[in-house]
Amino acid sequence: MTGCESEATEVTVTVNALPAAPDVSDVEVCEDEKAVITPTSGSGQMVMALLEDFEDDVVEYTASQAECSDGFGDFFIRTDGSDIGSFVDYFTPVGSSYFAVMDTDGSPCVESPTSMFFSDIDISGLTDIEFCVYLAEDDDGSNEDWDVTDYVHFDYDIDNSGTFSPMIWVESEPDGDDFNAVPKIDTDFDGDGDGAEITPTFTQYCFSIPGTGTELDIEIEFALNAGDEDIAIDEVTVTGEASAVDCTFNYYDEDPDANPDAMPIAMGDTYDPMTTV
């Protein structure tokens, strides 16, 4: 900063910690032999390919209908809870805002099922791809309200194949009739909730996506078309491990940690000292 900046100028200074000292290994060479040193660069690092936290209006998703709420029991909206019914309780969101869904064809909302899309997520070069989301559902006291026709499906498609595959499904638990059941994870995607119950407390659920490609599309379909049939989602993420990068290594004839002034005698991905002992 020179003192010439205007009052409106914002200057951001980022201070990074010093990198860790390099790993140093001694190489033993047998008599009348020579050594070719070939270090490995190790595995890649974890990469966040998608993060949607619903905290502001800069969003990563699109939707099949406009966000909407009557301020009570019909809503499909990013919210902090202030513009949906006060009777709806979700606990411990990640941050202050989340996306809440109930009775998505009740005015002013217009559509059920209705969908949210995350499109063209860049997964090029990533492996071990994992999708995660936090889920919560308002507890209606003595009985729950999901009917046999209610569901929330999280599906994915790699490289625009045209076919979506299931990741995480939430369905009503079979209870002997078609009405007012508990929403649970559908562990085998057969339309019946048979896994963990979705509670009012936000809980993270994850799915490891098999395979990889260049682009990932995610569709979340909500079929919740009556009062008290609801769900809330928060912090949607996609992570993966980046491929290990090619590295250039320094080779020394003394320990550079002991002598900071030591200079490398060679650089590259391998080194043949051409030395016999």
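Predicted model, so just to flag it, every value in this text is computed and none were measured.

Draft legend 1. Region of the structure containing the state of the cysteines. On inspection of all chains with the given rule, the structure shows two disulfides. Paired through a disulfide, C68 and C109 show a sulfur-sulfur distance of 2.0 Å. Looking along the S-S bond of the C68-C109 disulfide, the torsion reads about 115°, which is the right-handed sense. Taken as a pair, C68 in strand β3 (residues 68-69) and C109 in the loop between β5 (98-102) and β6 (114-122) lie far apart in primary sequence, 41 residues in all. Assigned by exposure class, C68 and C109 land together as buried. Covalently, C132 is tied to C206 through a disulfide, its sulfur atoms 2.0 Å apart. Looking along the S-S bond of the C132-C206 disulfide, the torsion reads about 110°, which is the right-handed sense.

Draft legend 2. Up close: the packing of aromatic side chains. Within this structure, the stated rule accounts for 13 aromatic pairs. Note on F54 and Y61: the rings are 5.7 Å apart at their centroids and 45° apart in plane angle, and the pair reads as tilted. Accessibility expressed as a relative area gives 0% for F54, which makes it buried. Judged by its relative accessible area of 8%, Y61 falls in the buried class. Between Y90 and F202 the ring centres are 6.1 Å apart and the planes differ by 55°, which places this aromatic pair in the tilted class. On the criterion of sequence distance, the pair formed by Y90 in the loop between β4 (75-79) and β5 and F202 in the loop between β10 (183-185) and β11 (203-209) is long-range, its members being 112 residues apart. No difference in accessibility class separates Y90 from F202, as the two residues are buried.

Draft legend 3. Local environment of the pairing of strand β7 (residues 126-136). For β7, the tally of buried residues reaches eight of 11 residues, placing the bulk of the element in the interior. Bridging between β7 and strand β13 (residues 230-242) involves eight bridges; their strand directions are antiparallel. Within the sheet, the bridge partner assigned to C132 lies in β13 and is T237. As defined by bridge partners, β7 adjoins β11 across seven bridges and the pair is classed as antiparallel. Directly across from C132, in β11, lies its bridge partner C206.

Draft legend 4. Spotlight on the environment of Y134. Considering the arrangement of structural elements, one finds Y134 in strand β7. For the pair Y134 and D234, spaced 100 residues apart in sequence, the C-alpha to C-alpha distance is 4.9 Å. Non-local contacts of Y134, meaning those with residues more than four positions away in its chain, are made with V94, F202, T203, Q204, A232, I233, D234 and E235.

Scoring rules and cut-offs
- Residues numbered from 1 in each chain as written.
- Predicted model: local features only at pLDDT ≥ 70, side-chain atom pairs only at ≥ 80, totals over all residues.
- Heavy atoms only, no water.
- Disulfide = S-S within 2.5 Å.
- Helix = DSSP H or I, 4+ residues; strand = E, 2+ residues; numbered from the N terminus.
- Buried < 20%, exposed > 50% of the residue type's maximum accessible area, 1.4 Å probe, protein only.
- Phe/Tyr/Trp six-rings, centres within 6.5 Å; stacked < 30°, edge-to-face > 60°.
- Pairing = 2+ DSSP bridges.
- Contact = heavy atoms within 4.5 Å.

That is the geometry; function is a separate question.
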